Amino acid sequence: MKKILAICLLFALNSYGQNAASQQLNALKEKTLLMLDASYAADKKTALQIWDYAELGYKETKSAALHVQNLKEAGFSVETGVAGIPTAFVATYGSGSPVIGILAEYDALPGLAQEAVPEKKSIDGKIGGHGCGHHLFGTASVSAGIAIKKLMEEKKITGTIKVYGCPAEEGGSGKVYMVREGLFKNVDAVIHWHPANQNRVIMTSFIANKSAKFRFNGIASHAAMSPENGRSALDAVEALNHMANMMREHIPQETRIHYVITNGGKAPNVVPDFAEVYYYVRHPKREVAVDVFDRIAKAAEGAALGTGTKMSYEIVGGTHDLLINKTLAELMQENLAKTGGVNYTEEETAFGKKIQASFIGNAPPVEEAASIKPLQKEADAGGGSSDVSDVSYVVPTVGLEAATWIPGTSAHSWQAVACGGTEIGTKGMLVAAKTMALTAIDLFSKPAVIQKAKEEFVKGVGSYQYKPLLGDRKPALNYRD
């Protein structure tokens, strides 16, 4: 009987201890939510300043400097120019384990300069716009990192927090160079997010991507008087594009091939002696993406032979598929549900409905921005690629999407740029900052979760030895030129 009473007492004490720890954790989270609410005005100012900068990949000098300044003022130690990239940085605070990383992005897209209004209205003199919301991405990540740092200062949690400044996600593969440089070594888990038109934890893999610029050199000549003396580099580009388009029938249907002619000559009456075309090849499986890319490269050789030109190509980027970590995703889902979605004012709702009027097809209700999607793993990879994927192959990684755009908005659109320049965007940014900070608190407080995530990670990677798809080339700092 005494033994039974002792067991019951021990169980009661354990339950009491667990309840007390849970209450302390919840109180810490509530404190963090209030902390992030208090920093919202300053964070909104930062995000909109970077929205205005709209700097392209590897040229985000002012954007990166603003984040670095905010992190240094908050007490972080910041190393800039990492991995041979002037606009990349790693900010660190704390010591010991666990080591939790948060990813930040801040590059814009070319050709999407747009005012923050609900109709298409470009901004004269600007070459880029934040059509993927990276001004919000970086700001939310920095804000979440600073919130965690404050908790460490107050001795509420212990360990190391790192904020990674990651440039040129849009085709430049900035994180791949950072992974290759070993900057994620000894990190226990990495958290990220992305602007979107909904609120959900990411359980859909990104598709692998390999990209390059194919360059052809020919012989210039007068196009009317002596065309026989010329060899057109533009003909070679067009021949390559024609062969690539015929190839579409004979590759796995999930493959995506995109190209733009970045240089097609300067004048119609001059046979172009130089031409360039920029290709992306994507597929849910990295090995298939690489195989199709190699076929494109062979077609480029054929195009050069057939037109009497010379061909070379430069690998610009290469990213893996995303390795999902369900353990971390389930943890983040709880925190996203606690944070909640985005609620609009009457003015914001009216703005959003005007935006939706420009869509092709039916748009979902504006009110969907307030909802949270259930955690659901999808069998097929999503339509986009990201260098976050390469991080996921060296450390357990988890991310979410937050509604920074009116429901139904497509990424890489003027509508996304417009929403991102208003509180429609910054309210979603706050959802992301809160969810990431709460998830980080759990990771600092629950070592068993990190251990389980690592076990899942090891199983997911299997025997594969990570190898960058872009090889050993130096960062493509001028890929936007």
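This text gives an overview of the structure that appears in the document. Counting starts from 1 at the beginning of each chain's written sequence and moves along it residue by residue. Side-chain atom pairs in this predicted model are given and counted only at pLDDT of 80 or more, local residue features only at pLDDT of at least 70, and totals for whole chains, interfaces and linings cover all residues. With hydrogens and water set aside, each side-chain value is computed from the structure's full complement of heavy atoms.

**Observations regarding the nonpolar core**
Of all hydrophobic cores here, the largest spans 131 residues; its most connected members are Phe214, Phe216 and Leu240. For helices the rule is a DSSP run of H or I covering at least 4 residues; for strands it is a run of E covering at least 2, with both sets numbered from the N terminus onward. Element by element, the count of residues in this core is highest for helix H12 (residues 423-445), at 13 residues. With residues up to four places along the chain from it excluded, the contact list for Phe214 reads Leu240, Ala275, Glu276, Val277, Tyr279, Phe293, Ile296, Ala297, Ala300, Met311, Ser312 and Tyr313. The term nonpolar core refers to a set of buried residues drawn from Ala, Val, Leu, Ile, Met, Phe, Trp, Tyr and Cys, joined through side-chain atoms within 4.5 Å. Each residue is assigned to one of three classes by its accessible area relative to the maximum for its type, calculated with a 1.4 Å probe on protein chains only: buried under 20%, partly exposed between the two thresholds, exposed over 50%. By size, the runner-up hydrophobic cluster in this structure holds five residues, among which are Trp51, Leu109, Leu112 and Val417. Residue contacts are defined here by distance: any two heavy atoms, one from each residue, within 4.5 Å place the two residues in contact.

**Observations concerning the packing of helix H4 (residues 134-153) against H12**
Direction vectors running N to C along H4 and H12 enclose 40°, while the axes themselves pass 8 Å from each other. Taken together, the axis directions place H4 and H12 in an arrangement best described as oblique. Helix-helix and strand crossings are classified by hand; for H4 and H12 the assignment is right-handed. Counting all contacts with H4, which are made through Leu136, Thr139, Ala140, Ser141, Ala144, Ile148, Leu151 and Met152, the residues of H12 involved are Gly425, Thr426, Met429, Ala432, Ala433, Met436, Ala437, Ala440, Ile441 and Phe444. Split by residue class, the contact of H4 with H12 holds 14 nonpolar, four polar and no charged. A fitted line through C-alpha atoms represents every axis, and for helices the fit uses only the stretch in contact; the resulting angles, taken between N-to-C directions, go from 0 to 180 degrees. Orientation is classified from the angle alone, with under 35 degrees giving roughly parallel, over 145 giving roughly antiparallel, 65 to 115 giving roughly perpendicular, and any other angle giving oblique. Crossings are sorted by hand: turned counterclockwise from the far helix by less than a right angle, the near helix makes the crossing left-handed, and turned clockwise it makes it right-handed. Throughout this entry, Asp, Glu, Lys and Arg are counted as charged residues, while Ala, Val, Leu, Ile, Met, Phe, Trp, Tyr, Cys and Pro are counted as nonpolar. The remaining residues, Gly among them, count as polar.

**Structural notes on the pairing of strand E7 (residues 189-196)**
Of all eight residues making up E7, eight are buried, and the element is well covered by its neighbours. The alternating pattern of E7 places Ala189, Ile191, Trp193 and Pro195 and Val190, His192, His194 and Ala196 on opposite faces, both of which are buried. Think of it this way: DSSP has to see at least two bridges between two strands before they count as a pair. Relative to E7, strand E3 (residues 99-105) is paired through three bridges, and the arrangement is parallel. Counterpart to Gly101 in the pairing with E7 is Val190. By the bridge criterion, seven bridges tie E7 to strand E13 (residues 397-403) in an arrangement that is parallel. Across the sheet, His194 pairs through a bridge with Glu401, a residue of E13.

All quantities given are derived from atomic positions and should not be read as evidence of function.
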